[in-house]
Amino acid sequence: MISVQILRGIAAMMVIVYHITQKLYVNGDIKWSFELGAAGVDIFFIISGFIIYYSSVHEFSANEFMKKRIFRIYPLYWVITLVTLVISYIRPGMINQHVEVPISMWNSFTLFPVPGTSPLLIVAWTLSFEMFFYVIYYMAIKLKVNRILFSSVAIAVLVVIGQIFKIPFISDPITLEFIYGMIIAYLVTSKNTKAIMVIAAACLILSATPVVWHSEIRSLYYGIPALALFCVFLLLEKKVRQEGGIIKLAQVIGDSSYSIYLTHLYSLGIVFILIKSRVTVPVLVVVSFIVSVIIGILCYKLLEKRIIKSLRPLARKAPLKDIAKT
């Protein structure tokens, strides 16, 4: 769906601006940072929940589902992580300049969360949550139960257990945003546009209340506005399909969003090293943003698409138990 891809691109750009301003803020160059840009991650999680249900509602086995997810997430991520490893030795601090916890190589390459540590590529913390969701959804397919119901209950129960027993990672209610996306996907496949409109209106109203903005729960203060925005974009799908020009560019950015997300810290590091001392802050922000988007698109065109194409036959044919051998 074009509207979803465009919103994915917007989410990636929000994260870029967030990290640009955060970098400037930490360095003392500005007195604020674009905190709302962090909500790009919440948009990603809602889109992920939506796409996973929408694309698999009538198809394939549990093993096929997991193979596709593994081949989609890990290969490009491993390439970028290996580059990060090399850079961390050549130019320490270029990417993870302000990380205050130890780096876990186990976390970095498996995406298995290790409490009190960070992956080498710091943005990869979101991928750990993605894989967590995929494992739960895989179990729902494997058990041949209602996928939304099982996944939603499992996520909610794990959050509650994690909160009660203070278990890191699973206690994070950000995972509830995957449920938001699955529910909307169900409504789309059921062609229940009215329900989506009601949810969009309700979320917009809630977003303007202290219940959301004064909450300390991320799936509320970022998740509810993100859900409202997602619903609005879905409702504009037909309108978007009739447009061209900038919509096409937005779609390209959306297609490239994973590459942009994984590479933008490199882009920022390079730009800051080359021109930070020579230009004003506004120019630095604009140049950093443009370069991050361009490098991400190039990574998608030259690397990510080729990886996807080369692994597609394996994703369709290889038994899950043989993935490690391929």
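First, a word on scope: everything that follows refers to the structure included in this document. (Residues numbered from 1 in each chain as written. Predicted model: local features only at pLDDT ≥ 70, side-chain atom pairs only at ≥ 80, totals over all residues. Heavy atoms only, no water.)

Some points on the overall build of the protein
And then number 1: Counting its secondary structure elements, the protein contains 15 helices and 0 strands.
And then number 2: Computed over its C-alpha atoms, the radius of gyration of the protein comes to 20 Å, within 12% of the 20 Å expected for a compact globule of 326 residues.
And then number 3: Expressed along its principal axes, the backbone C-alpha trace of the protein runs to roughly 60 × 50 × 50 Å.
And then number 4: Residues counted as buried form 49% of the 326 residues belonging to the protein.
And then number 5: The contacts in the protein between residues at least 6 apart in sequence include a share of 73% that link residues at least 24 apart.
And then number 6: Carbon and sulfur atoms provide 68% of the accessible area of the protein, an area that totals close to 16,400 Å².
And then number 7: Of note, the protein has its 30 positive side-chain charges centred 9 Å away from the centre of its 15 negative side-chain charges. (Helix = DSSP H or I, 4+ residues; strand = E, 2+ residues; numbered from the N terminus. Rg over C-alpha atoms; globule rule 2.2 N^0.38 Å. Buried < 20%, exposed > 50% of the residue type's maximum accessible area, 1.4 Å probe, protein only. Contact = heavy atoms within 4.5 Å. Areas by Shrake-Rupley, 256 points an atom, 1.4 Å probe, with all protein chains shown as cover. Lys, Arg positive; Asp, Glu negative; His and termini not counted. Charge placed at Lys NZ, Arg CZ, Asp CG, Glu CD.)

Here's the deal with helix 6 (residues 147–165)
And then number 1: Between the first and last C-alpha of helix 6 there are 27 Å, a value that for 19 residues agrees with the 27 Å anticipated at 1.5 Å per step.
And then number 2: Listed as buried for helix 6 are Arg147, Ile148, Ser151, Ser152, Ala154, Ile155, Val159 and Gly162. Viewed end-on, helix 6 has its buried residues packed into an arc of 165°, placing them on one side of the element. Of the exposed residues in helix 6, those oriented more than 90 degrees away from the buried face are Leu149, Ile164 and Phe165. (Expected span 1.5 Å × (residues − 1). Arc of directions from axis to C-beta.)

Describing a nonpolar patch on the surface
And then number 1: A contiguous nonpolar surface patch, about 720 Å² in accessible area, is contributed by Leu149, Val153, Val157, Val160, Ile161, Ile164, Phe165 and Ile167.
And then number 2: Assessed through its relative accessible area of 54%, Leu149 is described here as exposed. (Patch = residues over 30% accessible without salt bridge, like charges linked within 9 Å, V, L, I, M, F, W, Y side chains within 5 Å. Salt bridge = Lys/Arg side-chain N within 4 Å of Asp/Glu carboxyl O.)

Examining the pattern of salt bridges
And then number 1: Within this structure, the stated rule accounts for 4 salt bridges.
And then number 2: The salt bridge partner of Lys276 is Asp29, with a shortest N-O separation of 3.1 Å. Of this pair, Lys276 sits in the loop between helix 14 (257–275) and helix 15 (281–317) while Asp29 sits in the loop between helix 1 (2–26) and helix 2 (39–56), and the two are 247 residues apart along the sequence.
And then number 3: Notably, a salt bridge pairs Glu64 with Lys68, separated by 3.6 Å at the nearest N-O pair.

Remarks on the packing of aromatic side chains
And then number 1: Across all of its chains, the model carries 15 aromatic pairs by this definition.
And then number 2: Centroid distance Phe50 to Phe230: 5.2 Å. Interplanar angle 75°. Geometry classified as edge-to-face. Highlighted residues: Phe50 in helix 2 and Phe230 in helix 11 (residues 223–235), separated in sequence by 180 residues.
And then number 3: You can call Phe50 buried: its relative accessible area is 0%.
And then number 4: Judged by relative accessible area, which is 1%, Phe230 ranks as buried.
And then number 5: Ring centres of Phe65 and Tyr137 lie 5.3 Å apart, and the angle between their planes is 45°; on these two criteria the pair is classed as tilted. One end of the pair, Phe65, is in helix 3 (residues 62–90); the other, Tyr137, is in helix 5 (residues 125–143), and 72 residues separate them in sequence.
And then number 6: Members of the aromatic cluster, each reached through a chain of ring pairs, are Phe45, Phe65, Trp125, Phe129, Phe132, Phe133, Tyr134, Tyr137, Phe169 and Phe178.
And then number 7: The positively charged end of Lys23 is found above the aromatic ring belonging to Phe272, 5.3 Å away from the centroid.
And then number 8: Between Arg69 and the ring centre of Tyr134, over which it is positioned, the NZ or CZ distance is 5.4 Å. (Phe/Tyr/Trp six-rings, centres within 6.5 Å; stacked < 30°, edge-to-face > 60°. Lys NZ or Arg CZ within 6 Å of the ring centre and 35° of its normal.)

A word on a positive patch on the surface
And then number 1: A cluster of basic residues, Lys301, Lys305, Lys309 and Arg312, forms a positive patch at the surface.
And then number 2: If you trace the backbone, Lys305 turns up in helix 15.
And then number 3: Lys305 sits in the partly exposed class, given a relative accessible area of 39%.

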